[in-house]
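Breakdown of the fold
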Amino acid sequence: MSDGSIKYTVIKKRRVLNSLGGQMVLLVSGILLIAMITNAYIQFRDEVSTMEQVLKVRAQSLGQVLSSVSVDALVEYDVNKLNKYIEAVTSQTQVVHAVIVDMQDHSLTTYLDLNDIYIQDTLDSLDNVDSSVIVNELDKIAELVSYKVPVMFEDMMLAQTIVVLDNSEYVAVSAAKFEEKVLSTLFIGLFVGMGIYFVFSRKILTPLHVLSDGANKIANSEFGNKIKITGDSELTDLSENFNQMSENIELLVADRDAALDDLEELNTDLEKRVQERTIELQALNVEIARQAMHDPLTELPNRTLLVERLKQNIYLAKRNNKHVAFLMLDLNNFKEVNDTLGHPQGDRLLLDVASRLPMALRQSDTVGRFGGDEFGIVLPDTDSEKAVDVAKKVLASLEQSFTLDDHELSIGASIGIAMYPEHGEDDASLIRHADVAMYEAKGSKGEHCLYDPEADHYTTARLALMTDLRNAVDNDELQLYFQPQVVLSTKKVLKVEALTRWNHPELGSVSPEKFIALAETSDLIRLISAWVLEKTISQIAKWQAQGADIIVSINLSARDLLNPSLAENIEALCEKYDVSPSKLAIEIAESVIMSNPEQVIDVLKHPVLSQINYAIDDFGTGFSSLRYLKRLPVREVKIDKSFVLDMIGNAEDTSIVRSVIELAHNLGHVVVAEGVETEQTLTQLELLGCNVVQGFYFSPAVDADALLSVIKEIENEFSES
Ligand code: C2E
Ligand code: MG
Ligand code: MG
């Protein structure tokens, strides 16, 4: 894989012999030289051999002449004559030596040309001066050639003549010629070589250099230099292709550079965005950390941070032998404000309270929202007297009324105070005891109260009950009972009211008046209502499976109606158990409806909830506005049992019941009377035109298993009477 970096080609300076041109010249010149020198050498050899032939012929002719003249002298055996002939022959140019030998090769002549250098040298090296011996010695010298010619007399060979000739002169002439030729060949070779080099360099090397240079420029990203190679050779084609390739590469490189620029731009953009996101995330993290420790509504420290501060202050107080106070503040009647004016106004009130609280405190104190309408205050380095003073200051800061829209509200508060180390050595016990003291303050209406272990009993039990109730749903301690409602005109039971029972493992049966009221002080009521809803709807399904078509009425509290997922929950459960919402009825206490009528009207308009029958429960105990009564989508009005129970012999209650029945009928509502314990009451109610009755006279609330037979019994008894 390429690492992306550009590699450069460097044109090296070469020695001539390594260059293509040099090698070409060497090759051509070498071949030429070898051919020409070989040719010259062959010529030289031919000349030498021709020369030898000439010498031979000459030697033969001299031998023959010598033979023919020597016959007489031989016959006469005239050595002098023979020597003279020999001298005459020897004096000839090139002749080194001549001799006449007998048939046994014994020399018959003695003449020696003592001026001859060869003869001199031979004589110097020999003791014997016999001519034939000298001939043998001369034969060994390369430059000399000897020839034998027989001397004939009438077909008889008398002797032989030997003539030794020197061919060195001819050889030297041929060698000189040969040298000359070699030299001229060298010159020609050099010249031709240079010529070839010149042509080769012009036609091939220069274009090659141009191409190489061009390639090097491309490698160095220098584009736009066109290569020009004139002519019509393959190199011209190559240069054109090269230029085309250069253009293509330039385009590709331009594309790549543009892409790289884009990439870099994108990278920079990305880095910028990453940086921005990082800064945002950091800010978000800081915000999340802050939110984790602060209450979103009031922006005061939340329970976690407050407890943390309390722990820190306890730790410091422990080291420095100091006291710490923890104050638990709870607004009085906040629930009513919330229920009456709605949540948004409740929130505004909490905000106003939160803004006033710090004004009564020191910088080193911590105030935070503990939850709901509860605030906690940590006072470091203090004592109980100072803590009580601070509590008074805080309460004084809340004395001035709060303005919410058009409403002027005086909202008091109760403060419980617990001291470290007197009332607890850790945060948990200080908080618990401040809470107990706060309930004590509420109970005694003293507004603030220092924790008193003596008064702890009731509140601890209350707190414990709350905790137990929270677990009751999971522990299966709740049970749903059903009380029949009888329609007076038909004497039939069409509907039953679902009422929750709590069987506490230690306390036994706890009255709903008590635990429902306790649950209503927090969201715990929603947990219970959810349980009631599922139990009710699943029970309706079971009865339907048994052929019993029973409508079940459940009781809902203010917090349930403010639960935005109420309708969805009911719809989901009806789907789950395949039960029509019309089999469900809902009772809402008059006080709950009238504390926030607009909101209740809004909630009940939901398409799912609008299929349900509503009843105003405990009618007569609240202060219903006729205006709202008219607009409410309710079908029933349930007269509170307190009026029904005391009706007999009580003219006032009787007239209330009568008025309620008349009013309800006028509004087109069905009237239900609860708390019917006696036949007299029943008769009275019938006379007054009441439509439906519910009470111990017929049956108390019973469990699901008993209900069907109870209904049957009621209906049978009723029809008999
Ligand atoms: P409520 O809704 O008005 O229920 C009627 C109460 O009257 C029931 O008391 C019932 O047992 C009682 N009652 C019926 N007939 C007679 C009678 O002839 N004489 C007398 N003296 N009392 C009779 P219970 O079951 O103790 O419930 C008390 C209240 O607790 C209920 O009043 C209701 O407001 C609340 N409650 C009970 N169960 C639930 C529940 O599941 N959810 C909610 N939100 N509230 C519930
Ligand atoms: Mg009821
Ligand atoms: Mg009631």
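Residues numbered from 1 in each chain as written. Chains lettered and ligands numbered in written order. Predicted model: local features only at pLDDT ≥ 70, side-chain atom pairs only at ≥ 80, totals over all residues. Heavy atoms only, no water.

1. As for a negative patch on the surface
A surface patch of negative charge is lined by Asp 232, Glu 234, Asp 237 and Glu 240. Positionally, Asp 232 belongs in the loop between helix H5 (168–219) and helix H6 (234–293). (Patch = residues over 30% accessible without salt bridge, like charges linked within 9 Å, V, L, I, M, F, W, Y side chains within 5 Å. Areas by Shrake-Rupley, 256 points an atom, 1.4 Å probe, with all protein chains shown as cover. Salt bridge = Lys/Arg side-chain N within 4 Å of Asp/Glu carboxyl O. Lys, Arg positive; Asp, Glu negative; His and termini not counted. Charge placed at Lys NZ, Arg CZ, Asp CG, Glu CD. Helix = DSSP H or I, 4+ residues; strand = E, 2+ residues; numbered from the N terminus.)

2. Structural notes on the domain arrangement of the protein
For an interface, size is often stated in terms of accessible area lost upon the parts coming together. In terms of domains, the protein is made up of domain 1 (293–455) and domain 2 (483–499 + 549–721). Computed over C-alpha atoms only, the centres of domain 1 and domain 2 are separated by 41 Å. In this assembly, 6 residues from domain 1 lie in contact with 5 residues from domain 2. When domain 1 packs against domain 2, close to 420 Å² is buried across both sides, 49% of that on carbon and sulfur atoms. Taken as a group, Asp 339, Thr 340 and His 343 account for 77% of the area that domain 1 buries against domain 2, more than any other trio of residues on that side. (Domains from an automatic or database assignment. Contact = heavy atoms within 4.5 Å. Buried area = accessible area lost by both parts, 1.4 Å probe.)

3. As for unusual backbone geometry
Trans is the common state for peptide bonds, and a negative phi is the common state for residues other than glycine. Omega for the peptide link from Tyr 420 to Pro 421 comes to 0°, which places this bond in the cis form. Within the secondary structure, Pro 421 is located in the loop between strand S9 (413–420) and helix H11 (427–444). With phi around 60°, Asn 321 is a residue other than glycine that occupies positive phi space. Inspection of the secondary structure assignment puts Asn 321 in the loop between helix H7 (303–320) and strand S4 (324–331).

4. Quick notes on the pattern of salt bridges
What the rule picks out here adds up to 18 salt bridges. Glu 497 is the salt-bridge partner of Lys 638, the closest N and O atoms lying 2.8 Å from each other. Linking Lys 638 in strand S17 (residues 636–639) with Glu 497 in strand S12 (residues 492–504), this pair joins segments that are 141 residues apart in sequence. Residues Lys 638 and Glu 497 agree in their burial class; the two are buried. Across the pair Glu 587 and Lys 638 runs a salt bridge whose closest N-O atoms are separated by 2.9 Å. One end of the pair, Glu 587, is in strand S15 (residues 584–589); the other, Lys 638, is in strand S17, and 51 residues separate them in sequence. (Buried < 20%, exposed > 50% of the residue type's maximum accessible area, 1.4 Å probe, protein only.)

5. Digging into the packing of helix H1 (residues 20–76) against helix H2 (residues 79–90)
Between H1 and H2, the shortest axis-to-axis distance is 9 Å and the interhelical angle comes to 165°. The angle between H1 and H2 falls in the class roughly antiparallel. The two elements H1 and H2 cross, and the hand of that crossing is right-handed. Side by side, H1 and H2 meet where Leu 62, Leu 66, Val 69, Ser 70, Ala 73, Leu 74 and Glu 76 of the first sit next to Lys 81, Leu 82, Tyr 85, Ile 86 and Val 89 of the second. Of the residues that constitute the contact of H1 with H2, the class distribution is 9 nonpolar, 1 polar and 2 charged. (Axes fitted to C-alpha atoms, helices over the stretch in contact; angles between N-to-C directions. Parallel < 35°, antiparallel > 145°, perpendicular 65-115°, else oblique. Left-handed = near helix turned anticlockwise from the far one by under 90°. Nonpolar A, V, L, I, M, F, W, Y, C, P; charged D, E, K, R; others polar.)

6. Some points on the coordination of the magnesium ion (ligand 2)
Listed as protein donors to the magnesium ion (ligand 2) are Glu 497 (OE), Asn 555 (OD1), Glu 587 (OE) and Asp 617 (OD); their distances from the metal cover 2.0 to 2.3 Å. Between the magnesium ion (ligand 2) and the magnesium ion (ligand 3), the interatomic distance is 4.0 Å, and Asp 617 donates to each metal, bridging them. One end of the pair, Asn 555, is in strand S14 (residues 551–556); the other, Asp 617, is in strand S16 (residues 613–619), and 62 residues separate them in sequence. (Donors = N, O, S within 2.8 Å, 3.2 Å for Na, K, Ca; no water.)

7. Quick notes on the site of ligand 1
The local shell around ligand 1 holds 21 residues, among which Thr 500, Asn 555, Asp 617, Glu 677 and Phe 696 are the closest. Take Asp 617: an N or O atom from its side chain is 2.9 Å from an oxygen atom of ligand 1. Mapped by element, the contributors of at least two residues to the shell around ligand 1 are S12, helix H13 (512–520), S16 and helix H20 (641–645). With 4 residues, S12 is the largest single contributor of residues to the shell around ligand 1. Of the residues that constitute the shell around ligand 1, the class distribution is 7 nonpolar, 6 polar and 8 charged. (Near = heavy atom within 4 Å. Polar contact = N/O pair within 3.5 Å; in protein donor to acceptor, adjacent residues only side chain to side chain.)

8. Observations concerning the nonpolar core
In this structure, Phe 482, Ile 570, Ile 588, Leu 685 and Val 693 are the most contacted members of the largest nonpolar core, which totals 87 residues. At 10 residues, the largest contribution of residues to this core is made by helix H14 (residues 524–545). Apart from the residues within four sequence positions on either side, Ile 588 is in contact with Leu 556, Leu 561, Ile 593, Val 600, Leu 604, Tyr 614, Ala 615, Ile 616 and Asp 617. Grouped together as the second largest cluster of nonpolar side chains are 33 residues, Ile 377, Ala 387, Val 390 and Ala 391 included. (Core = buried A, V, L, I, M, F, W, Y, C linked by side-chain atoms within 4.5 Å.)

9. Notes on the coordination of the magnesium ion (ligand 3)
Protein coordination at the magnesium ion (ligand 3): the donors are Asp 617 (OD), Asp 618 (OD), Glu 674 (OE) and Glu 674 (OE), at 2.1 to 2.6 Å from the metal. In the primary sequence, the donor residues of the magnesium ion (ligand 3) line up as D-D-x55-E.

10. As for a nonpolar patch on the surface
Among the surface-exposed residues, Leu 20, Ile 204 and Leu 208 lie close enough to one another that they form a single nonpolar patch of about 220 Å² accessible area. Relative to the elements of secondary structure, Leu 208 occurs in helix H5. Of the residues examined, Leu 208 reaches a relative accessible area of 33% and is grouped as partly exposed.

11. Points about the sheet that holds strand S3 (residues 156–166)
Strand order in the open sheet made by the 3 strands is S1-S3-S2, with antiparallel pairing throughout. Of all strands in the sheet, those bounded by a partner on one side alone are strand S1 (95–101) and strand S2 (144–153). Geometrically, the sheet is characterised by an average inter-axis angle of 15° between neighbouring strands, direction not taken into account. In this sheet, S3 lies alongside S1 in antiparallel orientation, the contact comprising 6 bridges. Bridge pairing links Val 101 to Gln 160 in S3. With respect to the sheet, H1 is in contact with S1, S2 and S3, its orientation differing from that of S2 by roughly 35°. (Pairing = 2+ DSSP bridges.)

12. Thoughts on the environment of Thr 122
Note that Thr 122 resides in helix H3 (residues 117–125). Overall, the relative accessible area of 5% leaves Thr 122 in the buried class. Considered as a pair, Thr 122 and Met 36 are 86 residues apart in the sequence and their alpha carbons are 40 Å apart. Among residues more than four places away in sequence, those in contact with Thr 122 are Ile 134, Glu 137 and Leu 138.

13. Comments concerning the sheet that holds strand S10 (residues 448–450)
With respect to topology, 5 strands assemble into an open sheet ordered S5-S6-S4-S9-S10, the strand pairing being mixed. Across the chains shown, the open sheet's two edge strands, defined by having one partner strand only, are strand S5 (366–371) and S10. Within the sheet, the average angular offset between the axes of one strand and its neighbour, ignoring direction, is 20°. As paired elements, S9 and S10 share 3 bridges and run parallel to each other. Counted as the bridge partner of Ile 415 is His 448 from S10. Each of S4, S5, strand S6 (374–379) and S9 touches H7; the most contacted strand, S5, lies at about 135° to it. Its contacts with the sheet put helix H10 (residues 384–397) on S4, S6, S9 and S10, and the angle it makes with S9 is roughly 160°.

14. Re the pairing of S17
Burial along S17 is two-sided: Glu 636 and Lys 638 facing one way and Val 637 and Ile 639 facing the other are all buried. Direction of pairing for S16 relative to S17: parallel, over a ladder of 3 bridges. Across the sheet, Phe 619 pairs through a bridge with Ile 639, a residue of S17. Pairing of S17 with strand S18 (residues 670–674) involves 4 bridges; the strand directions are parallel. Across the sheet, residue Val 637 finds its bridge partner in S18, namely Val 671.

15. Let's talk about empty space enclosed by the protein
Counted under the stated rule, the structure contains 2 cavities of 30 Å³ or more. When its volume is computed, the largest cavity comes out at roughly 80 Å³. Along the walls of the largest cavity sit Asp 339, Ala 558, Leu 561, Leu 562, Val 592, Ser 595, Asn 596, Gln 599, Val 600 and Val 603, which together make up its complete lining. For the lining of the largest cavity, the elements supplying multiple residues, two or more each, are helix H15 (558–561), helix H17 (590–595) and helix H18 (597–604). The element contributing the most residues to the lining of the largest cavity is H18, with 3 residues. Here the residues of the lining of the largest cavity sort into 6 nonpolar, 3 polar and 1 charged. Of the voids in this model, the second largest cavity is the one considered here, and its volume is about 40 Å³. Surrounding the second largest cavity, Gly 214, Lys 217, Ile 218, Glu 222, Phe 223, Gly 224, Asn 225, Ile 227, Phe 242 and Ser 246 form its lining. When contributions to the lining of the second largest cavity are tallied by element, the ones reaching two or more residues are H5 and H6. (1 Å grid on protein atoms, 1.4 Å probe; cavity = no way out; pocket = protein on both sides within 12 Å on 5 of 7 lines; lining within 4 Å. Points joined across faces, edges and corners; volume = space filled by probe spheres on them.)

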